[in-house]
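Summary of the model geometry
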Amino acid sequence: MVRIKQSSGSEKRTTIHDCAQSGDIDGFEKLLQDNPSLLNERNAIILQTPLHLSASNNKTEIVKFLLEWKGYDKVDLEAKNMYGETPLHVAAENGCNEAARLLLDHGALVEAKTKYGMTPLMLSVCHSIRAEDCSIVETLLKNNADCDARDDEGMNPVDHLSKIQENVKLRDLLLSHQQERQDKKLLEACRKQKEKINALEKELSNIVGLDELKMQLRKWAKGLLLNERRKAVGLEIGTAGKLPHMAFLGNPGTGKTMVARILGRLLHGVGILQTDNVKEVQRTDLVGEHVGDTGYKTRKMIKKAEGGILFVDEAYRLMPKDTCPSDFGLEALEEIMSCMDNGKVLVIFAGYNEAMQRIISSNEDVIAELIERVTTEKQRMQMNGGLVDIMLNNAKGNLDLRLSDDCADRDELLTIKLEDFEAALRFLPQ
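Residues numbered from 1 in each chain as written. Predicted model: local features only at pLDDT ≥ 70, side-chain atom pairs only at ≥ 80, totals over all residues. Heavy atoms only, no water.

Here helix α7 (residues 120–131) spans 16 Å end to end across twelve residues, near enough to the 16 Å set by a 1.5 Å rise per residue. Among the residues making up α7, those that are buried are Pro120, Leu121, Met122, Leu123, Ser124, Val125, Cys126, His127, Ser128 and Ile129. Looking one or two places after α7, you find glutamate 132, whose phi comes out positive at around 55 degrees. (Helix = DSSP H or I, 4+ residues; strand = E, 2+ residues; numbered from the N terminus. Expected span 1.5 Å × (residues − 1). Buried < 20%, exposed > 50% of the residue type's maximum accessible area, 1.4 Å probe, protein only.)

This is the structure in structure tokens:
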């Protein structure tokens, strides 16, 4: 403390916070040199540090002294008061331009947020309207403050401007900067898009044949990368669709596994998959010898493939033969099928042409005929692929309604019958 003798003969203790607020550089230096632990000391009112108080009052000598302090401890640039405000926040809301510049030059976070999600730019907008001075806003914008950042109420700096009072000059300044940032994002998105497309084409050029697969890859890549452009210009993008599960048909030696590995790299490269991991499994990796083993083994393999590809070679071996209806392979297949809609793993079934048809086309012709017979052309055109989702949900509901409350038969609990699909289609919207 520094003791100051008042006219009455009494003494008043001046704290480091008093010096910071008043700009008493001599008193401030003496207090801090005598007791360096006061560097980030918080006051008893709203937990402000000396940097908060000097920045909010534009006492640049003290701000600079603190920022250049050579002691053992360093000044906390991001210290927060009881409202979650940093020194840059309080400088911005009080229009202390020089103090703000010093803070920014020393690395203060321009996008720091208060307890209510407010950025320094949002607070500077409020000050600029009151003071009819845009300089603090300009300083923050020059330091890449984000005009699209939103507080806890979902409002950005432009919204705050509209909420308080219309100011044409300030609005034009914010909107101009907002457009400039969008243009930069778009250019960066285009650059990244070009790099990824070039990398994709390079990989595809090394694959002989498989023209249909190549075309599909180009579609996925182009759609995903164009979505980056859409987001860059502020458009909202819906949730990603389901992963493109596949079946590779052909005899051994035709390169199915090699293509799966290349596919993993490509889909990861364009952002469809989180990793390029391809987990190759066969029946022996999935099917156990005892009840309960198969589900555990299969889920373990699915977990190892998460983010990438689960490549099921000779997948037809999971289908039970007529002579062995209790084969555990069906349980493994059901576990795999159950994970195909969660978006965590892409499944590729591989095997001989004829044998694989047992999995791929088990009942598709019957279902296709049922849809054609029961639905109208108008329904099919309006609903497109959504028709299948509704049909499956309704069929599951009919299955649940049809089964008795005490049903414990595993196959019955898992099997949707044709009658369930027929009932499901009767409840489609007209």
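Before going further, it helps to examine the pairing of strand β5 (residues 309–312). By the alternation rule, side chains of β5 split into Ile309 and Phe311 and Leu310 and Val312, which are all buried. Across four bridges, strand β4 (residues 278–281) lies against β5 in parallel orientation. Following the sheet pairing, glutamate 280 is matched in β5 by phenylalanine 311. Relative to strand β6 (residues 346–351), β5 runs parallel, the two sharing four bridges. Counterpart to valine 312 in the pairing with β6 is phenylalanine 349. (Pairing = 2+ DSSP bridges.)

By the secondary structure assignment, aspartate 420 is in helix α21 (residues 418–425). Sequence-wise, aspartate 420 and lysine 396 are 24 residues apart; in three dimensions their C-alpha atoms are separated by 7.4 Å.

This next bit is on the packing of helix α14 (residues 293–305) against helix α15 (residues 329–338). The relative placement of two packed helices comes down to the angle between their axes together with the axis-to-axis distance. At their nearest, the axes of α14 and α15 sit 9 Å apart, and the two run at 35 degrees to each other. For the element pair α14 and α15, the recorded crossing hand is right-handed. Of the residues in α15, those touching α14 at Thr294, Gly295, Thr298, Arg299 and Ile302 are Glu331, Ala332, Glu335 and Ile336. Of the residues belonging to the contact of α14 with α15, the class tally is three nonpolar, three polar and three charged. (Axes fitted to C-alpha atoms, helices over the stretch in contact; angles between N-to-C directions. Left-handed = near helix turned anticlockwise from the far one by under 90°. Contact = heavy atoms within 4.5 Å. Nonpolar A, V, L, I, M, F, W, Y, C, P; charged D, E, K, R; others polar.)

Turning to the pattern of salt bridges, a few remarks are in order. Summed over the entire model, instances satisfying the criterion amount to six salt bridges. Measuring nitrogen to oxygen at the nearest pair gives 3.0 Å for the salt bridge that ties lysine 30 to aspartate 34. Taken as a pair, lysine 30 and aspartate 34 lie in helix α2 (residues 25–34) at a separation of four residues, close to a single helical turn. Relative accessible area serves as the criterion here: at 56%, aspartate 34 is assigned to the exposed category. Put simply, glutamate 280 and arginine 261 hold a salt bridge, and the shortest N to O gap is 2.7 Å. Of the two residues, glutamate 280 is situated in strand β4 and arginine 261 in helix α12 (residues 256–269); the sequence distance between them amounts to 19 residues. For arginine 261, a relative accessible area of 42% translates into the label partly exposed. (Salt bridge = Lys/Arg side-chain N within 4 Å of Asp/Glu carboxyl O.)

A few words now on the nonpolar core. Phe28, Leu32, Leu103, Leu140 and Leu174 are the most contacted members of the largest nonpolar core, which has 45 residues in total. If we skip the residues at most four places from it in the chain, leucine 174 touches Leu121, Val125, Val137, Leu141, Cys147, Pro157, Val158 and Leu161. If you look at the next biggest cluster of nonpolar residues, it comprises 20 residues, including Ile262, Leu263, Leu266 and Leu273. (Core = buried A, V, L, I, M, F, W, Y, C linked by side-chain atoms within 4.5 Å.)

One non-glycine residue, asparagine 58, adopts positive backbone phi at about 55 degrees. Mapped onto the elements of the fold, asparagine 58 is located in the loop between α3 (50–56) and α4 (60–67). Unusually for a residue other than glycine, asparagine 144 sits at a positive phi of about 65 degrees. As for its placement among the helices and strands, asparagine 144 is situated in the loop between α8 (135–142) and α9 (157–164).

One pass over the full model with this rule turns up two aromatic pairs. Between phenylalanine 28 and phenylalanine 65, the aromatic rings sit 6.1 Å apart at their centres with planes inclined by 85 degrees, giving edge-to-face as the arrangement. Residue phenylalanine 28 is located in helix α2, and its partner phenylalanine 65 is located in helix α4; the two are separated by 37 residues in the primary sequence. Given the relative accessible area of 0%, phenylalanine 28 is considered buried. With a relative accessible area of 18%, phenylalanine 65 lands in the buried category. Put simply, the rings of Phe28, Phe65 and Trp69 pair up and form one aromatic cluster. (Phe/Tyr/Trp six-rings, centres within 6.5 Å; stacked < 30°, edge-to-face > 60°.)

Keep in mind these values describe shape, not function.
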